[in-house]
Amino acid sequence: QVQLVESGGGLVQAGGSLKLSCAASGRTFSGRTFSSYAMGWFRQAPGKERESVAAITWSGGTLDYADSVKGRFTISRDNAKNTVYLQMNSQKPEDTAVYYCAAGNTRERIGVDPGKYEYWGQGTQVTVSS
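Residues numbered from 1 in each chain as written. Predicted model: local features only at pLDDT ≥ 70, side-chain atom pairs only at ≥ 80, totals over all residues. Heavy atoms only, no water.

1. Observations concerning unusual backbone geometry
Excluding glycine, residues mostly carry a negative phi; peptide bonds, for their part, are mostly trans.
At step 1: Positive phi, close to 50°, is recorded for asparagine 82, a residue that is not glycine.
At step 2: Its place among the elements puts asparagine 82 in the loop between strand S7 (73-78) and strand S8 (83-88).
At step 3: Its identity as a non-glycine residue notwithstanding, serine 90 has a phi of 45°, on the positive side.
At step 4: Topologically, serine 90 is positioned in the loop between S8 and strand S9 (97-104).
At step 5: Taking relative accessible area as the criterion, serine 90 reaches 41% and is therefore assigned partly exposed. (Helix = DSSP H or I, 4+ residues; strand = E, 2+ residues; numbered from the N terminus. Buried < 20%, exposed > 50% of the residue type's maximum accessible area, 1.4 Å probe, protein only.)

2. Considerations on the state of the cysteines
At step 1: Counted according to the given criterion, the structure contains one disulfide.
At step 2: Residue cysteine 22 pairs covalently with cysteine 101 via a disulfide, S to S 1.9 Å. Across the S-S bond linking cysteine 22 and cysteine 101, the dihedral sits near 40°, which makes this disulfide right-handed. Pair noted here: cysteine 22 is in strand S3 (residues 18-26) and cysteine 101 is in strand S9, with a separation of 79 residues, a long-range link.
At step 3: By relative accessible area, cysteine 22 is classed as buried at 0%. (Disulfide = S-S within 2.5 Å.)

Below is the structure:
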C-alpha cells in the first residue's frame, strides 16, 4: 500500500510564503524505490478543474512549472527522506486551493500531465488572503 501525505498548508496573506511537504510511505512503489518516481504538485480550487503546478524528475534534475507559478514556486525533493517539497513565495489570492502531490512510476520526464501520475495524496488546503 502506498501513501502520500501532504502537510504545510494553511492561511497566509498575499505576498507571503508557505512550504508544502509530501511524505511517501508504505510498501515500495511496485517494487521500486521513491527515488525512481517522478513527483508532481497539483491544485484544485472550489468550482474549478484540477490545475497542474509543478513536477520534478526522479533525480531532481529536471523541473517543470505551470506558467501561473513560474518564478514564485519551487519544487524540490529529498530522496533520502522520501519527501517532495513545494516552496511557494509571493503568493496571490488565486493560489488558494487544495494542493495535492502525486507520484508517477517512471524515470522519464512526464512534466505536469496529471494522467501520467498513478498515486495521489489526500491534499492540503492553502488559503491566501488579500
